[in-house]
Structures are given as C-alpha cells and as structure tokens.
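Survey of secondary and tertiary structure
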Amino acid sequence: MADLSTKYLGLDLRNPIIVASSGLTSTVKEIVELDKNGAGAVVLKSIFEEQIHLEADHNIRKMQADGFSYDEYSETMDYIDVHVKEKELSNYISLIHEVKSKVSIPVIASINAVTPLEWTSFAKQIETAGADAIELNIFVMPFDTDKECTDNEAVYYKILKKVKDAVTIPVAVKLSPYFSNLGKVLLNLEKEGANGLVLFNRFSAPDIDIDNMKTTHAEIFSHPNEMFNVLRWVGIMANKLNADLSATTGIHDGASVIKMLLAGVTTVQVSSTLYKNGVGYLSTMLNDMHSWMDKKGFRYVDQFRGKLAHDANDNNNVFERMQFMRYFSDMK
Ligand SMILES: Cc1cc2nc3c(=O)[nH]c(=O)nc-3n(C[C@H](O)[C@H](O)[C@H](O)COP(=O)(O)O)c2cc1C
C-alpha cells in the first residue's frame, strides 16, 4: 500500500489531509474523533482577536444596561477587558494541553489577528502549552480608501514578525487572495519567516433575501468549484517558495487532494466536506488517494508532488490564463 506520509512545517504527518480550523476542531472530543478517522493533523478553531474585543464590549454593555455606568477608560473596564481575554485564552490553553495529551497527530493552534498589538504574547503561551505550530489567520479588509495597499500589507508582515520573534515553533500564515500583487506578498511573508502559507482563507459573504428584502449571509460551506483559484496560485507559486504550501477552500474529495499535491502543496486543509459528509469521509478520501497512487505506481507522495506545478512542465499557460479568449470566439 502506498505511503501517504508528508512533512508540513517540519512536522511529520501520516498523510496530507489536515482538518481545517473550524467548529470541527473546537473540542477535545471532536479532535479525538478526527484522529481516529485518519486526519493527518488538526488546526484548532481560531482564537479571534475581534471576538475577544466584542465579548469584552458585550459584557460592558450588559453592565451598563443593568444600571452600572462605566467610563470607557475606568479601571473597571480595564478589569473586564483583561478578565475576558484571560478567560478566553486560558480556555484555549487548556484545550491545547488536553488535546496534546489525547492525540498523537500534530496540533496546530490558530490565532486570528487583525492588528499587531498584544497577540504576540499569547503566541508564546500557546507554544508553552504544547502546540506543534501556529497558524496565523490574518485579514485586513481592503476597503479603507485612505490607505495604500502597502499599508495593508505592512500589517501582515508586522504581525508575522512579532509572532516569529516570540516563538520557536513553526508559524504558517493563512491569508486571502485579495492582494494587488499576491505573489510578491507571499514571497515577502516567506522572507519575514513564514514556514508555511495557507491558500486561501474563505470568508463569510453577504447575500440578499429578495422575498424579505433583507441582507443575509451566503452559504457558509464551500462549493468544489472554489478550489480552482487555489489550484492556480499553488501551481504558480510552488516552485518560487521554500515555505510549505497548504491548500484550503473547495477541497471536497480525494481527487482534489491529489490535484493540489500535483500542483505542489505539502498538505491540504478541509472542513466543508466533513461538515457535509461526516468525519468518516476522511477515510474515503484517504482510500481514494491510496487507489490512485497504486494505479499510477507511486509509492510515496514526493514522487508526484509538484509534478504539474508552474515551471515544472510546459503548462504555464494554463495557470496564467485568466480570460476565456478562445471560448469567446469559438463558443456558439
Ligand atoms: C463553520 C466554519 C468555521 C470556521 N472557522 C474558522 C476559524 O475559526 N479560523 C479559520 O482560520 N478558518 C475558519 N474556517 C475556514 C476553514 O478553516 C477553511 O479554511 C474554509 O472553510 C475552506 O475550506 P473548505 O472549503 O474545506 O470548507 C471556518 C469554516 C467553517 C465552515
């Protein structure tokens, strides 16, 4: 039987399928189940910088509604703020401790950061708690028209640098495709010390309910077609980066994992397909990979990894072509 083992961020994984940061990776019980079902590693549900601020705000508003009045800068507010953060973080640290004692697969902690402020000290605590690596999920909404793109990009580099300075465990950055020069940003993140790059985060999106004339949220799970933009950028960047690439968004079956590996990733990260099909679907995906490798005569993943990346073959055009020029003229 083919050997699916791979290395990601210097960690040994029994196979390239990581369960992505999500509700599926938020409790010890679920993570033990993922381990049993064959996950190569897990990325814990993110601890959100915004969530912690919101929760602190919520507590303050609740106390105000209950008749207490607090000046925004009072000591009480500082106390609530610090208290909520400490509670959130200590829960997260306990989760890491407990998960590490129950599973042998790598456990990657996830920090969702939007500013380079106090998060870096938490990163150190996460390392001390035993996480094998940190995934930094960074997103700066690029809609502030007073800012240049370099201002936004600088936030990513600053957060990464601060975290890298604080920890010795590997750090990956999970990011969106919304950059004016994505390739350069990926190279810069590598220069700032990113050990891995996770392409691409998938966000909550707006929708409109036309019957009730209300704004609402779009589908939270991905569609398999969404993997192709990831495939493009993995293919383009795989031979330009030394950092490990991990693909996420739209990877729903074993065939898509193989495609991403052929384009050059070391791992993939999945969640929607497991929400839809159950965590037992991990073994179907792994079996499909085994069958394909056996059929093709591959014993190890590295025998075919990156075989169809940009520059590795005469296939650059397919990764670079964005417009349907030929189809516009040929299609009836
Ligand atoms: C319910 C749900 C919760 C998620 N929570 C997080 C999170 O806390 N942090 C994060 O980085 N990504 C989060 N994600 C994004 C996933 O990690 C993943 O990157 C994304 O869903 C694309 O993969 P998929 O197509 O396999 O779903 C979440 C996704 C879902 C569906």
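Residues numbered from 1 in each chain as written. Predicted model: local features only at pLDDT ≥ 70, side-chain atom pairs only at ≥ 80, totals over all residues. Heavy atoms only, no water.

Here we look at the pairing of strand β11 (residues 214-217)
Definition in use: Any two strands with at least two DSSP bridges between them are considered paired. Secondary structure is summarised from DSSP: a helix means a run of H or I of at least four residues, a strand means a run of E of at least two, and numbering begins at the N terminus for each.
Summarising the sheet, strand β10 (residues 206-209) and β11 pair through four bridges and their orientation is antiparallel. Considered in β11, the bridge of Asp 209 is made with Lys 214. Counting the residues between successive antiparallel strands, the hairpin from β10 to β11 contains four residues, one of them, Met 213, with a positive phi of roughly 50°.

So, the pattern of salt bridges
To keep it simple, the criterion reads: One side-chain nitrogen of Lys or Arg within 4 Å of one carboxyl oxygen of Asp or Glu is enough to make a salt bridge. Residue exposure (1.4 Å probe, protein chains only): buried if accessible area is under 20% of the type maximum, exposed if over 50%, otherwise partly exposed.
Under the definition given, this model contains 11 salt bridges. The partner of Asp 35 in a salt bridge is Arg 14, and the shortest N-O contact between them spans 3.0 Å. Of the two residues, Asp 35 sits in helix α1 (residues 28-36) while Arg 14 sits in the loop between β2 (11-13) and β3 (17-19), which places them 21 residues apart along the sequence. Judged by relative accessible area, which is 41%, Arg 14 ranks as partly exposed. Note that Asp 311 and Lys 240 form a salt bridge whose closest N and O atoms lie 3.6 Å from each other. You can see Asp 311 sitting in the loop between α10 (281-296) and α11 (316-320) and its partner Lys 240 sitting in the loop between α7 (227-237) and β12 (244-248), a full 71 residues away along the chain.

Quick look at the nonpolar core
Applied cut-off: Among the buried residues, those of types Ala, Val, Leu, Ile, Met, Phe, Trp, Tyr and Cys that are joined through side-chain atoms within 4.5 Å form a nonpolar core. Contacts were defined at the residue level, with two residues in contact if any of their heavy atoms lie within 4.5 Å.
Counting residues in hydrophobic clusters, the biggest one holds 87 residues, and the most contacted among them are Leu 189, Leu 197 and Met 260. Those residues in contact with Leu 189 that sit more than four places away from it in its chain are Tyr 156, Tyr 157, Leu 160, Val 173, Leu 175, Ala 194 and Leu 197. Leu 9, Leu 11, Val 43 and Ala 133 belong to the second largest nonpolar core, which has 11 residues in total.

Concerning the environment of Tyr 156
Rules: Counting of polar contacts relies on pairs of N or O atoms within 3.5 Å, with two restrictions inside protein: one atom must be capable of donating a hydrogen and the other of accepting it, and residues adjacent in sequence are counted only when both atoms are side-chain atoms.
Tracing the sequence through the fold places Tyr 156 in helix α5 (residues 149-166). Tyr 156 sits in the buried class, given a relative accessible area of 2%. With 33 residues separating them in the primary sequence, Tyr 156 and Leu 189 have C-alpha atoms 7.9 Å apart. A distance of 3.0 Å separates the side chain of Tyr 156 from the backbone nitrogen of Val 140, its partner in a polar contact.

Concerning the layout of surface pockets
Note the cut-off: Points on a 1 Å grid over protein atoms alone make up a cavity when a 1.4 Å probe fits among them but cannot get out, and a pocket when they form an open set with protein on both sides within 12 Å along at least five of seven lines; lining residues each have an atom within 4 Å of a point. Grid points are joined across faces, edges and corners, and a volume is the space filled by probe spheres set on the points. Residues were grouped as follows: Ala, Val, Leu, Ile, Met, Phe, Trp, Tyr, Cys and Pro as nonpolar; Asp, Glu, Lys and Arg as charged; and all remaining residues, including Gly, as polar.
Empty space within the largest pocket amounts to approximately 990 Å³. Lining the largest pocket are 36 residues, with Asn 137, Asn 201, Arg 202, Phe 203 and Ser 204 positioned closest to its centre. Of all the secondary-structure elements, those providing two or more residues to the lining of the largest pocket are β13 (267-270) and α9 (272-277). Ranked by residues supplied to the lining of the largest pocket, first place goes to α9 with three residues. For the lining of the largest pocket, the per-class residue count stands at 15 nonpolar, 17 polar and four charged.

Some points on the site of the ligand
This is how the line gets drawn: We call a residue near a molecule or strand as soon as one heavy atom of that residue lies within 4 Å of the molecule or strand. Surface accessibility in these figures is a Shrake-Rupley result with a 1.4 Å probe; residues are shielded only by whichever protein chains are displayed. Assignment of a molecule to a cavity or pocket requires that more than half of its atoms lie within 2 Å of the corresponding grid points.
Residues in close proximity to the ligand total 20 residues, the closest being Ser 21, Ser 46, Asn 137, Ser 222 and Ser 272. Between the ligand and Ser 46, the relevant distance is 2.6 Å, taken from a nitrogen atom to a side-chain nitrogen or oxygen of the residue. Protein chains bury 90% of the 610 Å² of accessible surface belonging to the ligand in isolation. Of the pockets mapped on this structure, the ligand occupies the largest pocket. Counted by class, the shell around the ligand contains six nonpolar, 11 polar and three charged residues.

Structural measurements only, silent on function.
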